[in-house]
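Chains, contacts and geometry: an overview
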Amino acid sequence: VKDLDLAIEQMIYIATSDELDYIRNAPSQAEKEKRFWKFWKDKDPTPSKKGNQTMMEYYRRVKVATDRFTTYNRTGWKSDMGMVYIIEGEPSEIERHPFEADSRPYEIWMYYNLNQYFTFVDYVGFGEYTLITPIYDKRFRLH
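Nothing here was measured: the structure is a model prediction, and the numbers come from that model. (Residues numbered from 1 in each chain as written. Predicted model: local features only at pLDDT ≥ 70, side-chain atom pairs only at ≥ 80, totals over all residues. Heavy atoms only, no water.)

1. Brief notes about the overall build of the protein
Worth spelling out the cut-off: Every helix listed is a DSSP run of H or I at least four residues long, and every strand listed is a run of E at least two residues long, numbered separately from the N terminus. Think of it in three bands: residues with accessible area under 20% of the maximum for their type are buried, residues over 50% are exposed, and the middle band is partly exposed, with areas taken using a 1.4 Å probe on protein chains only. Any pair of residues with heavy atoms lying within 4.5 Å of one another is described as a contacting pair. For accessible areas, the Shrake-Rupley method is used with a probe of radius 1.4 Å. Any residue's cover is judged against the shown protein chains and nothing else. His is not counted, nor are the chain ends, whereas Lys and Arg count as positive and Asp and Glu as negative. Charge placement uses NZ in Lys and CZ in Arg. For Asp and Glu, CG and CD serve respectively.
Tallying secondary structure elements over the protein gives 5 helices and 4 strands in all. Along the chain direction, N to C, the helices and strands of the protein fall in the order α-α-α-α-α-β-β-β-β. Taken along its principal axes, the extent of the C-alpha atoms in the protein is 55 × 30 × 25 Å. Residues classed as buried in the protein amount to 43% of the 143 residues present. A sequence separation of at least 24 residues applies to 44% of the contacts in the protein between residues at least 6 apart. Total accessible area computed for the protein in this model is approximately 8,800 Å², and 52% of it derives from carbon and sulfur atoms. Where the 21 positive side-chain charges of the protein centre and where its 23 negative ones centre are 7 Å apart.

So this is what it looks like as structure tokens:
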């Protein structure tokens, strides 16, 4: 972790607001680090193995989302596509409709293992896709 405050901010899709407040509002930097690592330790499905697989996968997805979905005015992990990618992982299939005569550009991400799909629309035409399919308050889990 190079930037603890950024790493904490990026936990928005896995931690509740109470958990984030608890970490952010630590009385010292040392306590903030301790709370951060405790949060991830509690999420570790295999604490006896080296490395925290959940934490590594989560931040890998944050990096991929940042690399793939950053636009001129939004960092990729904060975008709707980034959020879905971080929470659900790689879609089983993506149906892209960039140039339809009677609609704005849109994409449908299908997740066969979840029996679920997500539809994104680019309302402004600059690659900033907005999620129009509801995503319920799901917290990150490995898929």
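2. Here's the deal with the sheet that holds strand β4 (residues 129-131)
Keep this limit in mind: Each pair of strands is called paired provided DSSP finds at least two bridges between the two strands. A fitted line through C-alpha atoms represents every axis, and for helices the fit uses only the stretch in contact; the resulting angles, taken between N-to-C directions, go from 0 to 180 degrees.
Overall, antiparallel pairing links the 4 strands, which are arranged β1-β2-β3-β4 in an open sheet. The two strands at the open ends of the sheet, each matched to only one other strand, are β1 (93-97) and β4. Geometrically, the sheet is characterised by an average inter-axis angle of 25 degrees between neighbouring strands, direction not taken into account. The pairing of strand β2 (residues 106-111) with strand β3 (residues 116-122) spans 6 bridges and is antiparallel. Looking at the pairing, W109 lines up with F118 of β3. Helix α5 (residues 80-88) contacts β2, β3 and β4 of the sheet and is inclined by roughly 5 degrees relative to β2.

3. Considerations on the pattern of salt bridges
Once their charged atoms are close, side chains differing in charge can pair, the charge on each being opposite to the other. Heads up, the condition is: Counted as salt bridges are all cases of a side-chain nitrogen of Lys or Arg within 4 Å of a carboxyl oxygen of Asp or Glu.
Within the structure shown, the criterion is met by 11 salt bridges. Across the salt bridge formed by E57 and R60, the nearest N and O atoms sit 2.8 Å from each other. Taken together, the positions of E57 and R60, both in helix α4 (residues 53-69) and 3 residues apart, correspond to about one turn of that helix. Accessibility expressed as a relative area gives 38% for R60, which makes it partly exposed. With a shortest N-O distance of 3.1 Å, E90 and R68 are connected by a salt bridge. Of this pair, E90 sits in the loop between α5 and β1 while R68 sits in helix α4, placing them 22 residues apart in sequence. Among the residues examined, E90 registers a relative accessible area of 45% and is labelled partly exposed.

What is shown is where atoms sit, not what they do.
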